[in-house]
Amino acid sequence: MGYLWLTSLLDAFLSEALRKAPPSEMHRQRVLIAACLFALPLGVSYMLLVPFTASEVPTLLLSGCYVATLLLARRARSLTVPAMFMCLSMVVSYVASIFLSSHPEGGFHASSMMIPAFAVYLLGPRLGLFVTGCLAVCLGILHPLYRVRFTPGLTAIPLDEFTVMCASAAVSLLGSWVLSTLHSTSRDTAHDELERTLATLRESEGKLSSLIESSDDLVFSLDTQLRVITANTAMRRFYRRMQGQELVPGQRFCFPRTPELQLQWDPRFNRVLAGERLRFEQEEHSEEPLEDPVHVVLDVSISPIQGEEGPVMGLTVSARDITARKLAEARLGEMHRSLVDVSRYAGMAEIATGVLHNVGNTLNSVNISAGILNDQLRHSRLSGLRKAATLLGQHSEDLEAFLATDSRGQRLPGYLLALAEELEKEREVLRHEVGALTEGIEHIKSIVVMQQQYARAGGVLERLPVPQLIEEALRLHAGSIERQGIHLVREYADVPPILVDRHNLLQILVNLLSNARHALMESKTPDKRLRIRIRLGAGGDQLVIEFADNGVGIAPEHLARLFSQGFTTKKHGHGFGLHISALAATEMHGRLSCSSTGLGHGATFTLVLPVEGPRENQRPSAPLELS
């Protein structure tokens with residue numbers, strides 16, 4: 001309070017323009033006023049206490065100059081005019097006092113050293129040199145000449161020695177200017193550097209503050225005593241909303257409404273103050289009666305603030321509201337589960353379609369065989385045998401005479417032989433057709449059994465030989481593949497059985513075979529080929545299945561969308577098969593990719609699966625890879 005009172009008193013002697021000067025200039029102006037206010041009463045007291053002589057004229061003159069300096073400062077627009085007036089007044093008064101004094105050694109008084117320092121401080125090195133030069137010329141040249149010429153008897157010191165002493169005094173004054181200039185220059189340089197540093201710091205602080213304030217994240221800093229250093233607007237608003245009070249800098253960070261959170265956060269703060277960085281998710285809720293219930297999920301990051309020496313000086317907390325993301329992830333999980341269910345049903349429908357197709361083809365054969373049997377039985381020669389047996393029964397009593405004398409009896413043995421031959425042929429035809437009928441029924445039975453086997457609920461992992469599973473998938477398309485003249489090339493390497501979900505893998509295989517069959521059907525290539533390769537990956541821990549056809553191929557612009565839901569290049573396709581296959585591959589921690597050099601050059605679909613099945617801590621790989 002005393003310092004503020006003193007500065008207010010000194011500023012009262014300054015003009016309005018001088019009061020608006022920068023802080024560094026204000027210091028110089030206040031020093032000028034303080035020097036005048038200090039020296040003026042001192043000079044007046046000296047004149048009142050000491051009898052008036054000619055040597056006191058400079059003191060009286062200097063006191064008047066102090067008053068004039070105060071008046072100039074009250075009206076001046078810059079410090080230069082009053083400061084120069086005062087410094088020159090001091091030089092004139094000091095030189096006059098030496099010339100008028102009966103003690104010529106007075107020029108060597110220590111007070112003379114203050115003038116260069118004072119001039120450099122108030123006026124700067126250049127104007128200070130002018131003031132110091134005037135004083136040095138007067139003391140080092142004019143003063144000894146004046147003593148030698150006009151008052152040689154006043155000094156008891158030899159003239160030569162006196163001249164050397166005066167020259168030394170002048171050099172000392174110049175040395176005082178040099179030292180003052182060095183000090184002033186160093187001080188100004190340091191001050192300018194400090195100003196630039198402070199400006200940079202203020203600019204950086206402003207940018208940082210603007211960045212933090214513009215962020216929707218919750219950001220605040222605490223010291224080692226967990227007192228609030230700063231907090232952005234989002235954090236203050238969130239704290240007010242959740243805790244019902246303002247977050248004030250300087251207060252200890254606490255949770256007045258939810259003390260159980262304090263027990264969770266204090267150990268975390270202590271760990272961070274020990275140098276550890278933490279990141280975690282925190283659920284916060286407010287169920288105050290006067291407020292709407294609030295529930296948020298925060299992604300919190302706490303980092304220590306390291307000092308220059310290494311110890312932790314505090315901590316910074318940054319929290320992001322991820323409630324919407326969590327809800328979206330939950331909805332995405334539900335959608336994924338729904339897609340998996342839909343894909344399972346679609347896969348079952350695809351398998352059922354294949355089953356019905358193959359059963360329909362087999363039923364055609366069964367129907368034909370049944371028709372042949374019906375025709376054979378309707379036109380059977382068994383009726384002739386019955387007639388012959390009836391004729392023999394009628395002549396059973398005179399059978400010998402009937403066979404010997406009756407014309408009908410005489411023809412009967414030949415007729416029976418011919419009938420036996422016809423019945424033998426008929427029996428062969430019936431046996432053949434019954435065999436075909438039995439084979440068709442067995443085929444239908446095996447297809448139904450296989451479909452029932454694959455219709456089991458998914459999610460069960462089994463260790464299965466992949467070549468056998470591919471052959472079973474091919475069996476579902478066997479009829480259509482044979483009718484369309486597709487040549488199958490199997491390149492099965494010696495691979496171990498893999499741990500896999502039978503339903504998901506069969507679903508992918510059926511979809512890939514169906515796509516390859518359609519691509520070959522639409523192709524005009526006479527030699528239609530489908531090459532199926534099975535091999536192990538480079539590391540031996542992955543199984544690679546490739547379906548390469550020489551069908552219509554895929555346009556480059558379609559590759560990027562090939563596995564997207566709803567996208568299809570077929571005229572009557574639904575765009576769901578490859579999408580659900582990619583999802584099924586991802587669910588098994590594998591990946592499904594496609595490559596094609598363009599239309600008319602075929603396509604290759606590659607399925608990569610882990611040999612040992614999906615691991616619990618392994619994240620699903622990317623489902624789509626296109627080239």
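As the structure is a prediction and not an experimental result, all values here were calculated from the model.

## Section: the overall build of the protein chain
Piece 1. Counting its secondary structure elements, the protein chain contains 19 helices and 13 strands.
Piece 2. Residues classed as buried in the protein chain amount to 40% of the 627 residues present.
Piece 3. Considering only residue pairs separated by 6 or more positions, the protein chain has 64% of its internal contacts joining residues 24 or more positions apart.
Piece 4. Total accessible area computed for the protein chain in this model is approximately 35,700 Å², and 60% of it derives from carbon and sulfur atoms.

## Concerning unusual backbone geometry
Piece 1. Although it is not a glycine, Leu226 sits at a positive phi angle of roughly 65°.
Piece 2. In this structure, Leu226 sits in the loop between β1 (218–223) and β2 (228–231).
Piece 3. The exposure class assigned to Leu226 is buried, which follows from its relative accessible area of 5%.
Piece 4. Here the phi dihedral of His589 falls at roughly 65°; this positive angle occurs in a residue that is not glycine.
Piece 5. Considering the arrangement of structural elements, one finds His589 in the loop between α19 (577–587) and β11 (591–595).

## Brief notes about the pairing of β1
Here is the key point about a regular strand: its side chains alternate between the two faces of the sheet.
Piece 1. Buried residues dominate β1, accounting for six of its six residues.
Piece 2. Both faces of β1 are covered, namely the face carrying Leu218, Phe220 and Leu222 and the face carrying Val219, Ser221 and Asp223.
Piece 3. Taken together, the six bridges between β1 and strand β5 (residues 312–321) define a ladder with antiparallel strand orientation. Across the sheet, Leu222 pairs through a bridge with Leu315, a residue of β5.
Piece 4. Two elements, β1 and β2, share three bridges in a ladder whose sense is antiparallel.

## A closer look at the pattern of salt bridges
Piece 1. All told, the structure shown has 22 salt bridges when counted by the stated rule.
Piece 2. With a shortest N-O distance of 2.9 Å, Asp11 and Arg30 are connected by a salt bridge. Here Arg30 lies in helix α3 (residues 23–49) and Asp11 lies in helix α1 (residues 2–11), a separation of 19 residues in the sequence.
Piece 3. Here Arg271 makes a salt bridge to Glu276, at a shortest N to O gap of 2.7 Å.

## Overview of α19
Piece 1. Counting buried residues in α19 gives ten out of eleven residues, a clear majority hidden from the surface.
Piece 2. Within the sequence span of α19, burial applies to Gly577, Leu578, His579, Ile580, Ser581, Ala582, Leu583, Ala584, Ala585 and Thr586.
Piece 3. Immediately beyond the C-terminal end of α19, within one or two residues, lies His589, with a positive phi of roughly 65°.

## Brief notes about helix α10 (residues 259–273)
Piece 1. Counted at 1.5 Å a residue, the expected span for α10 with its 15 residues is 21 Å, and the 21 Å between its end C-alpha atoms agrees.
Piece 2. Those residues of α10 lying buried are Leu261, Gln262, Trp265, Asp266, Arg268, Phe269 and Val272.
Piece 3. Trailing α10 by a residue or two, Gly275 shows a phi angle of about 110°, which is positive.

## Overview of the environment of Leu179
Piece 1. You can see Leu179 is positioned in helix α8 (residues 159–214).
Piece 2. For the pair formed by Leu179 and Ala117, sequence separation is 62 residues and the distance between their alpha carbons is 8.3 Å.

## A short note on the environment of Ile115
Piece 1. Within the secondary structure, Ile115 is located in helix α6 (residues 114–123).
Piece 2. With 24 residues separating them along the chain, Ile115 and Val91 place their C-alpha atoms 7.5 Å apart.
Piece 3. Each residue touching Ile115, except ones within four places of it in the same chain, is listed here: Met90, Val91, Tyr94, Val131 and Leu135.

## Details of a nonpolar patch on the surface
Piece 1. Where nonpolar side chains cluster on the molecular surface, the patch consists of Val137, Ile141, Leu142 and Leu145 and spans about 350 Å² of accessible area.
Piece 2. Note on placement: Ile141 falls in helix α7 (residues 125–150).
Piece 3. Judged by relative accessible area, which is 47%, Ile141 ranks as partly exposed.

## Quick look at the packing of α6 against α7
Piece 1. Orientation of α6 relative to α7, taken along the N-to-C sense of each, is 155°, at an axis distance of 7 Å. In this view, α6 runs roughly antiparallel relative to α7, as classed from their interaxial angle. The element α6 and its partner α7 pack so that their crossing is right-handed. Taking contact as the criterion, the partners of Ile115, Pro116, Ala119, Val120 and Leu123 in α6 are, on α7, Pro125, Leu127, Gly128, Val131, Thr132 and Leu135.
Piece 2. The class makeup of the residues in the contact of α6 with α7 is nine nonpolar, two polar and no charged.

## Description of the packing of helix α17 (residues 502–522) against α19
Piece 1. Relative orientation of the contacting elements α17 and α19 amounts to 145°, with a least axis distance of 9 Å. In this structure, α17 crosses over α19, and the sense of that crossing is left-handed. For the pair α17 and α19, the contacting residues are Asn504, Gln507, Ile508, Asn511, Leu512 and Asn515 in the first and Gly577, Leu578, Ile580, Ser581, Ala584, Ala585 and Glu587 in the second.
Piece 2. Partitioned by chemical class, the residues of the contact of α17 with α19 number six nonpolar, six polar and one charged.

## With respect to the nonpolar core
Piece 1. Counting residues in each nonpolar core, the largest one holds 42 residues, and the members touching the most others are Ile470, Leu543, Phe563, Phe605 and Leu607.
Piece 2. No other element matches α17, which puts nine residues into this core.
Piece 3. In this structure, Ile470 is in contact with Tyr492, Leu509, Ile532, Ile534 and Ile545, ignoring residues within four places of it in sequence.
Piece 4. One finds Leu32, Tyr66, Val95 and Ile115 within the second-largest nonpolar core, a separate group that totals 37 residues.

## Remarks on the packing of aromatic side chains
Piece 1. Tallying each qualifying case throughout the model produces seven aromatic pairs.
Piece 2. Judged by centre distance (4.7 Å) and plane angle (20°), the ring pair of Phe220 and Phe253 falls under stacked. With Phe220 in strand β1 and Phe253 in the loop between α9 (233–243) and α10, the pair connects residues that are 33 residues apart, well separated along the chain. The same class applies to Phe220 and to Phe253, which are both buried.
Piece 3. Considering the side-chain rings of Tyr239 and Phe253, the 5.8 Å spacing of their centres and the 45° angle between planes classify their relative orientation as tilted. Of this pair, Tyr239 sits in helix α9 while Phe253 sits in the loop between α9 and α10, and the two are 14 residues apart along the sequence. Like Tyr239, the residue Phe253 is buried in the burial classification.
Piece 4. The ring of Tyr121 has Arg28 sitting right over it, with the charged end atom 5.8 Å from the ring centre.

## Side note on the environment of Leu505
Piece 1. By the secondary structure assignment, Leu505 is in helix α17.
Piece 2. Overall, Leu505 belongs to the buried group, its relative accessible area being 1%.
Piece 3. Note: C-alpha distance between Leu505 and Ala473 (32 residues apart in sequence) is 9.9 Å.
Piece 4. Aside from chain neighbours lying at most four places away, what touches Leu505 is Leu469, Val500, Met588, Leu607 and Leu609.

Criteria and cut-off values
Residues numbered from 1 in each chain as written. Predicted model: local features only at pLDDT ≥ 70, side-chain atom pairs only at ≥ 80, totals over all residues. Heavy atoms only, no water. Helix = DSSP H or I, 4+ residues; strand = E, 2+ residues; numbered from the N terminus. Buried < 20%, exposed > 50% of the residue type's maximum accessible area, 1.4 Å probe, protein only. Contact = heavy atoms within 4.5 Å. Areas by Shrake-Rupley, 256 points an atom, 1.4 Å probe, with all protein chains shown as cover. Pairing = 2+ DSSP bridges. Salt bridge = Lys/Arg side-chain N within 4 Å of Asp/Glu carboxyl O. Expected span 1.5 Å × (residues − 1). Patch = residues over 30% accessible without salt bridge, like charges linked within 9 Å, V, L, I, M, F, W, Y side chains within 5 Å. Axes fitted to C-alpha atoms, helices over the stretch in contact; angles between N-to-C directions. Parallel < 35°, antiparallel > 145°, perpendicular 65-115°, else oblique. Left-handed = near helix turned anticlockwise from the far one by under 90°. Nonpolar A, V, L, I, M, F, W, Y, C, P; charged D, E, K, R; others polar. Core = buried A, V, L, I, M, F, W, Y, C linked by side-chain atoms within 4.5 Å. Phe/Tyr/Trp six-rings, centres within 6.5 Å; stacked < 30°, edge-to-face > 60°. Lys NZ or Arg CZ within 6 Å of the ring centre and 35° of its normal.

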